[in-house]
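Coordinates in review
This is what each chain is made of:
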Amino acid sequence: MTVQEICSFSAGKWIGCDDEARQIFSAITGDLIARAGNSTLDIDAMLDFARTVGGPSLWAMTFHDRARLIKAIALVLTEKKQALYDISFSTGATQKDHLIDIDGGIGTLFAFASMGRREMPDDQIYLDGSVERLSRNGTFLGQHVCTPLQGVAVHINAFNFPVWGMLEKLAPTLLAGVPAIVKPATATCHVTELCVRIIIESGILPKGALQLVCGSIGDTISRLTSQDVVSFTGSASTAIHLRSQPQLIENSIRFIAEQDSLNASILGPDAAPGSPEFDLFAKEVKREMITKAGQKCTAIRRIFVPQAHLNPMIEILKTQLTSTSIGDPRLTETDMGALVSNVQKRNVLEKASMIGRQAERIFGDPDNFDVIGTEVGNGAFVPPMLFYCPDPDTAENVHDTEVFGPVSTIMAYRNMDHAIELANRGQGSLVASVITNDAEVARQAVLSAGAFHGRLYFNNRKSMQESTGHGSPMPQMLHGGPGRAGGGEELGGIRGVMHYMQRTAVQGSPDILTRISKKWVPGAEQSSEPDHPFTRTFGMLEIGETLKTKSRKISTEDIEHFAHFTGDTFYAHMDDAAARRNPFFPGRVAHGYLLLSFAAGLFVQPDEGPVLANTGLDKLRFMMPVQAGDSIKVCLTVKHKTPRNESYGEVRWHVSISNQDDALVAEYELLTMNAYQCPASI
Ligand code: NAP
């Protein structure tokens, strides 16, 4: 059998192994299948290539450019995913497991590509929050902005998700505009290497944006600088070793850690046998135990059920686990494949025996179980093992020993306070779930357990058809957890991108802020054009371009007409005495919606032109009442422009309505879709 040589990708070249390469074994047969690592890898050259070649190419792009690039990678990987499935079986993963690792990884790319285009500007600077007024007259303002770190992101990944583990970090890193050096765990780096080859060979990424170290990463950490980031996933012991490197501490280098976690699942006190929640709970527990043979950082390690429902829950779990077929992951009838290696198997059995000191194994015998398949000679198979701990208050191992395999412990609780107290004894986890149909139980869990868990997952009869699963980190939601889970955060939508950017407080005049942000800021210069802005195409409109309208007087007849026409005969518009009794009004006032309608009548240019549609209003505020006899006029300013597709883009207009004394009566942002060309010229 040929032993594959797994390469690293360094400064634009694939580098093979040397004599010090590490060995990789098939999880199914135990045979040596590959070698990875080269002790002569020039780490300085890789860091330099990333910082001087990859970084500048990425910084030159806008967030939308980078989002498009991430989507293109997702499409290429989708096309070639069969090759990834094929190679992944050797890690012990079943086809169902591939859907989480490979399809899940690709899905994460698609999600970030879409969030990047929807939630980030087509620009190189990301604005964090609103403009802050720092002076009485508004001539000195503040705005938080985020720009990409000018270093490199070093991603050190765990063995269990060789594809998702890389892509869930790569997507936010690239979107931020930062190059990455990926170091997968050796045991499964052959899968990651193939994924990186597909990406590199597609030619989508600029040079230097992605490099790969298979095997040892040597002393890379000691060569990092303050503009670099380390994003680590793995065990707590490796995290402690890495995060205490002097170079990291001395230079305040960001270190994001996702490490082990004693996740819990609680069956709500309301979920009695026979309820949909009772069955749902058993289903989720079984799924979490056997998926990836329990090698999931989010898997349920501790199962808490009300004392009264303990025995029925044990029975249903035993029945469900009995029907689990273990064996060659390539067979369609296999429910659970192998652990990643025999080293991992030894680790799992050792840790399971530690749990066994304080709990009784009530299902699964590692010395006596069936394995299906004809080529499973020395594979790393274990059965799912369920333990019962009779005294969870005094037991310690069940709350602090992570068995990274298909092993969970069931425990009984007295009441919800007790359940939460036990769940929190994990000292910080990635996820805790509560299966309940009682919203009060859910609120209690958030108040008492929220601080201990990165994610709280509630499921019941109403959400179970569409719920995403206890163990699945979603790209839109935070993944990470406090304390023992590493104290890090990943994903969480655009929050995940911010780990690779620097937030800077920028202070200056409205004109300075307008130029930096490419968003017109009140108080900044306003320009005017001879043509009405509604006759000008998306490309012609300038940030700050302003239309000032003539004024219109509001009469009692206008208010009456509007009230009866719309049916809005609210007393403040109809009854002077009643309006006066209201602390907000000096007497009968015009409808706010009347003002908006009159404003549109004042600023609209009615002819067919580049404005295609009004798609909304944001941040509407009525500041001052308008009464019959008052006049209003409008100031319409181009605040921001965002291209949307090949033919049109969104224009955000700042609209202010003022009265005859120039006092502001209403302010809002108007959104329109504007064509790149006038309809007549198309
Ligand atoms: P690990 O042994 O800590 O290894 C993690 C990564 O660190 C691997 O790439 C490993 O490379 C590398 N590494 C080890 N020693 C290093 C050193 N001295 N310098 C630089 N890199 C070093 O963890 P694992 O066994 O792969 O993964 C299992 C653990 O990860 C479990 O505890 C699990 O809970 C945790 N995990 C957590 C999450 C999460 O999101 N929180 C996700 C998945 C897994 P080599 O393989 O080459 O040694």
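Topic: unusual backbone geometry
- Notably, Leu491 is not glycine yet its phi reads approximately 55°, a positive angle.
- Tracing the chain through its elements places Leu491 in strand 21 (residues 488–491).
- Of note in the backbone geometry, Lys518 takes a positive phi value of approximately 55° without being a glycine.
- Examined against the element boundaries, Lys518 turns out to sit in the loop between helix 16 (510–517) and strand 23 (546–548).

A short note on the sheet that holds strand 5 (residues 32–36)
- Ordered by their spatial adjacency, three strands build an open sheet running 1-5-4, and the pairing between neighbours is mixed. The open sheet terminates on both sides in strands that have one partner only, identified here as strand 1 (4–6) and strand 4 (22–25). Adjacent strand axes in the sheet meet at a mean angle of 30° when their direction is disregarded.
- Across four bridges, the pairing between strand 4 and strand 5 is antiparallel. For Arg22, the partnering residue across the bridge sits in strand 5 and is Ala36.
- Contacts from helix 6 (residues 189–202) reach strand 1, strand 4 and strand 5 within the one sheet, and its direction differs from that of strand 1 by about 70°.

A look at the site of the ligand
- Within the structure, the ligand sits among 26 residues, and Arg22, Thr186, Ser235, Thr238 and Glu402 are positioned closest to it.
- Take Thr186: an N or O atom from its side chain is 2.5 Å from an oxygen atom of the ligand.
- Within the contact set of the ligand, an oxygen atom lies 3.3 Å away from a backbone nitrogen or oxygen of Gly234.
- Within the complex, the protein chains bury 81% of what would otherwise be the 900 Å² of accessible surface of the ligand.
- Broken down by secondary-structure element, the contributors of at least two residues to the shell around the ligand are strand 11 (229–233) and helix 7 (236–243).
- With three residues, helix 7 is the single largest residue contributor to the shell around the ligand.
- Tallied by class, residues from the shell around the ligand come to 11 nonpolar, 10 polar and five charged.

Focus: the packing of helix 13 (residues 416–424) against helix 14 (residues 439–449)
- Closest axis-to-axis distance for the helix 13/helix 14 pair is 10 Å, and the angle between their directions is 40°. Judged by the angle between their axes, helix 13 and helix 14 are oblique. As for how helix 13 packs across helix 14, the hand of that crossing is right-handed. Each of Met416, Asp417, Ile420 and Asn424 in helix 13 lies in contact with helix 14, whose residues at this interface are Val441, Gln444, Ala445, Ser448 and Ala449.
- Class assignment for the residues of the contact of helix 13 with helix 14 results in five nonpolar, three polar and one charged.

Calculation notes
- Residues numbered from 1 in each chain as written.
- Predicted model: local features only at pLDDT ≥ 70, side-chain atom pairs only at ≥ 80, totals over all residues.
- Heavy atoms only, no water.
- Helix = DSSP H or I, 4+ residues; strand = E, 2+ residues; numbered from the N terminus.
- Pairing = 2+ DSSP bridges.
- Axes fitted to C-alpha atoms, helices over the stretch in contact; angles between N-to-C directions.
- Contact = heavy atoms within 4.5 Å.
- Near = heavy atom within 4 Å.
- Polar contact = N/O pair within 3.5 Å; in protein donor to acceptor, adjacent residues only side chain to side chain.
- Areas by Shrake-Rupley, 256 points an atom, 1.4 Å probe, with all protein chains shown as cover.
- Nonpolar A, V, L, I, M, F, W, Y, C, P; charged D, E, K, R; others polar.
- Parallel < 35°, antiparallel > 145°, perpendicular 65-115°, else oblique.
- Left-handed = near helix turned anticlockwise from the far one by under 90°.

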